[in-house]
Amino acid sequence: MYDVKNGKIQLENGTIKGGIIAIASGKGGVGKSTVTANLAIALQNMGKNVGIIDADVHGFSIPRIIGIEEQVEVQQESELIKPAEKMGVKVISMGSFVHEQNPVIWRSPLLLGALQQFFKDVIWGDLDYLLLDLPPGTGDMVLNIMQKLPHARTLIVTTPQITATNVAGRVGHMAEKMDSDILGIIENMAYYECSKCGNKEYLFGKGGGKKLADLLDVDLLGQLPLMKHVRVGGDEGNPVVNQDREDAISQEFINIAEEIIKRKKEFDPNIKPMELKGGPGQ
Ligand SMILES: Nc1ncnc2c1ncn2[C@@H]1O[C@H](COP(=O)(O)OP(=O)(O)OP(=O)(O)O)[C@@H](O)[C@H]1O
Ligand SMILES: [Mg+2]
Ligand SMILES: [Zn+2]
């Protein structure tokens, strides 16, 4: 998959200096992809080179959120893939190979093959951060990433709701079992702030993110409110951090990005990644 050399992750066609961050959740729809896109842009705006792998191969959504419509180029002779680029962020997604409304009907071993290819055959160049937007839950793809990319650190996104934090807890425990480092928790949809009077409504309950962070003995890195312009930005391919850096939510994303940079950890060259292939015979 890759090597660790001179303190960097050496990919076949690129390097990673700062970190591989897998954005995970228990429940679906809690905001992983939204967080991935906005964090990527926040990091990029801080002068970091950022790539995103949309590892939600069935349910890809990064191209829409970040506003990529074109298909990717596969170079003729080398068969290497040039990632799409938007707002300075390099993106590879199944969505750049198939139309948004076509179902991706591959089975897990093939999916893992695709992910492996995203690592090996994409011309990433020199990156600081590679973010992986995971599918929800503890399925094959997530398990494999935690197990086979030992230098990846997991960022868990949850809403404060107990049904979300419970399942997120399972993802956290899975990461612990796989010796995959948990970078921290982001509580999304933490509250709704009335645009007229500023009153805060805790629609999904209060304190769930902190509870989960305590349970897993990691930090709550940020709390993001539920706001209409975040949803609209995602639908229109213009994430909030790109719309307006001064916006309160953008500022929260920027704070989280700063925390992530501060928590940089050296890549241990003694730990080896494994091939991201499926079961026997794959
Ligand atoms: N803070 C927020 N405020 C308003 N809307 C939000 C917020 N975060 C996410 N959303 C919206 O909620 C929906 C789900 O978000 P998103 O797709 O990022 O979740 P996900 O965890 O990646 O979902 P999936 O599990 O399906 O991959 C999207 O429509 C998104 O625009
Ligand atoms: Mg998603
Ligand atoms: Zn009000």
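Residues numbered from 1 in each chain as written. Chains lettered and ligands numbered in written order. Predicted model: local features only at pLDDT ≥ 70, side-chain atom pairs only at ≥ 80, totals over all residues.

A. Spatial organisation of the overall build of the protein chain. On a plain count of helices and strands, the protein chain comes out with 9 helices and 13 strands. Taking 282 residues into account, the globule formula puts the C-alpha radius of gyration at 19 Å, and the protein chain, at 18 Å, falls close to it. Seen through its principal axes, the protein chain has C-alpha atoms that stretch 60 × 40 × 40 Å. Looking at the 282 residues of the protein chain, the share that counts as buried comes to 46%. In the protein chain, the share of contacts with a sequence separation of at least 24, taken over all contacts with a separation of at least 6, comes to 79%. (Helix = DSSP H or I, 4+ residues; strand = E, 2+ residues; numbered from the N terminus. Rg over C-alpha atoms; globule rule 2.2 N^0.38 Å. Buried ≥ 20, exposed ≤ 12 C-beta atoms within 10 Å, placed from the backbone. Contact = placed C-beta atoms within 7 Å.)

B. Local environment of the nonpolar core. In terms of nonpolar packing, the biggest core is built from 82 residues, with Ile21, Ile23, Leu131, Leu132 and Ile145 touching the most fellow members. With near-sequence residues (within four places) excluded, Ile21 lies in contact with Tyr129, Leu131, Leu132, Ala152, Arg153, Leu155, Leu183 and Ile260. (Core = buried A, V, L, I, M, F, W, Y, C linked by C-beta atoms within 7 Å.)

C. A look at the site of ligand 1. The local shell around ligand 1 holds 20 residues, among which Gly28, Gly31, Lys32, Ser33 and Thr34 are the closest. Elements that contribute at least two residues to the shell around ligand 1 include exactly helix 1 (32–45), strand 11 (182–193), strand 13 (220–226) and helix 7 (228–235). Taken together, the residues that form the shell around ligand 1 break down as 7 nonpolar, 10 polar and 3 charged. (Near = placed C-beta within 6 Å. Nonpolar A, V, L, I, M, F, W, Y, C, P; charged D, E, K, R; others polar.)

D. Main features of unusual backbone geometry. The backbone phi angle of Asp179 is positive, close to 60°, even though this residue is not glycine. Positionally, Asp179 belongs in the loop between helix 5 (162–177) and strand 11. Overall, the presence of 10 C-beta atoms within 10 Å leaves Asp179 in the exposed class. Even without being glycine, Asp217 reaches a positive phi, approximately 60°. Along the polypeptide, Asp217 turns up in the loop between helix 6 (208–216) and strand 13.

E. Structural context of the packing of helix 5 against helix 6. Viewed as axis vectors pointing N to C, helix 5 and helix 6 meet at an angle of 25°, and their least axial separation amounts to 10 Å. Taken together, the axes of helix 5 and helix 6 lie roughly parallel to each other. Crossing of helix 5 against helix 6: the hand is right-handed. From helix 5, Ile162, Ala164, Thr165, Ala168, Gly169 and Gly172 reach across to helix 6, where they touch Gly208, Lys211, Leu212, Leu215 and Leu216. Among the residues making up the contact of helix 5 with helix 6, the classes are represented as 6 nonpolar, 4 polar and 1 charged. (Axes fitted to C-alpha atoms, helices over the stretch in contact; angles between N-to-C directions. Parallel < 35°, antiparallel > 145°, perpendicular 65-115°, else oblique. Left-handed = near helix turned anticlockwise from the far one by under 90°.)

F. Just helix 6, in detail. Taken residue by residue, helix 6 has Gly208, Gly209, Leu212, Ala213 and Leu216 as its buried positions. Within helix 6, the buried residues cover an arc of 135° as seen down the axis, which keeps them to one side. Those residues of helix 6 hidden inside the fold are in contact with strand 10 (152–158), helix 5, strand 11 and strand 13. Where helix 6 terminates, the next one or two residues include Asp217, which has phi positive at roughly 60°. (Arc of directions from axis to C-beta.)

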